[in-house]
Amino acid sequence: QVQLVESGGGLVQPGGSLRLSCALSGNIASIYNTGWYRQTPGKQRELVADITSVGNSTNYAESVKGRFTISRDSANAIVYLEMNSLTPADTAVYYCNAAAVGTRTQRYRKLDVWGQGTVVPVSS
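So, here's what we can say about the structure.

Rules used in this analysis
Residues numbered from 1 in each chain as written. Predicted model: local features only at pLDDT ≥ 70, side-chain atom pairs only at ≥ 80, totals over all residues. Heavy atoms only, no water. Disulfide = S-S within 2.5 Å. Helix = DSSP H or I, 4+ residues; strand = E, 2+ residues; numbered from the N terminus. Buried < 20%, exposed > 50% of the residue type's maximum accessible area, 1.4 Å probe, protein only. Salt bridge = Lys/Arg side-chain N within 4 Å of Asp/Glu carboxyl O. Patch = residues over 30% accessible without salt bridge, like charges linked within 9 Å, V, L, I, M, F, W, Y side chains within 5 Å. Areas by Shrake-Rupley, 256 points an atom, 1.4 Å probe, with all protein chains shown as cover. Core = buried A, V, L, I, M, F, W, Y, C linked by side-chain atoms within 4.5 Å. Contact = heavy atoms within 4.5 Å.

With that out of the way, let us pick up the state of the cysteines. Taken as a whole and judged by the stated rule, the model has one disulfide. Two residues share a disulfide in this structure: Cys22 and Cys96, whose sulfurs sit 2.1 Å from each other. Taking the sign of the S-S torsion, -90 degrees for the link of Cys22 and Cys96, the bridge is left-handed. Taken together, the positions of Cys22 in strand E2 (residues 18-26) and Cys96 in strand E8 (residues 92-101) put the pair 74 residues apart, joining distant regions of the chain. In terms of burial, Cys22 and Cys96 fall into one category: buried.

Per the stated rule, a full pass over the model turns up four salt bridges. As a salt-bridge pair, Glu46 and Arg38 come within 2.7 Å of each other at their nearest N and O atoms. For Asp90, the salt bridge is made with Arg67, and the minimal N-O distance between the two is 2.8 Å. Within this pair, whereas Asp90 is found in the loop between strand E7 (78-83) and E8, its partner Arg67 is found in the loop between strand E5 (58-60) and strand E6 (68-73), the two being separated by 23 residues in sequence. Neither Asp90 nor Arg67 differs from the other in exposure class; each is buried.

So, on to a nonpolar patch on the surface. Together, Tyr32, Val101 and Tyr108 give the surface a local cluster of nonpolar side chains, amounting to about 290 Å² of exposed area. Along the chain, Tyr32 turns up in strand E3 (residues 31-39).

On to the nonpolar core, then. Counting residues in hydrophobic clusters, the biggest one holds 29 residues, and the most contacted among them are Trp36, Leu81, Met83 and Tyr94. Per element, the largest residue contribution to this core is five residues, and it comes from E8. Those residues in contact with Met83, other than ones at most four positions away along the chain, are Gly16, Ser17, Leu18, Leu20, Arg67, Phe68, Tyr94 and Val120.

The structure is reproduced here in structure tokens:
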């Protein structure tokens, strides 16, 4: 069982910065990728950034590339999303996601685990 807990959300002014944290627990060894998604009313949930467990390979949505940085602290089982130069368009509920490998009985299928979300309003 994998569990994710997000923290760090809160009101921030345009141009400001914020760092979100995702604490991982449970069968961490089964996780092969961790990502941050965001969603606002009237919009589909979108991938913001993700990072692999092996090699720490990252990728970003074009809208945040150059402004956001995802990183992984493997020793403490925490994934961070550092957000800089925030704009109102970044306002959303941010969710941490872990992609894990199922058991042999489950034919090693992909398992998606989601955190509860953390609210990030960007407003003056």
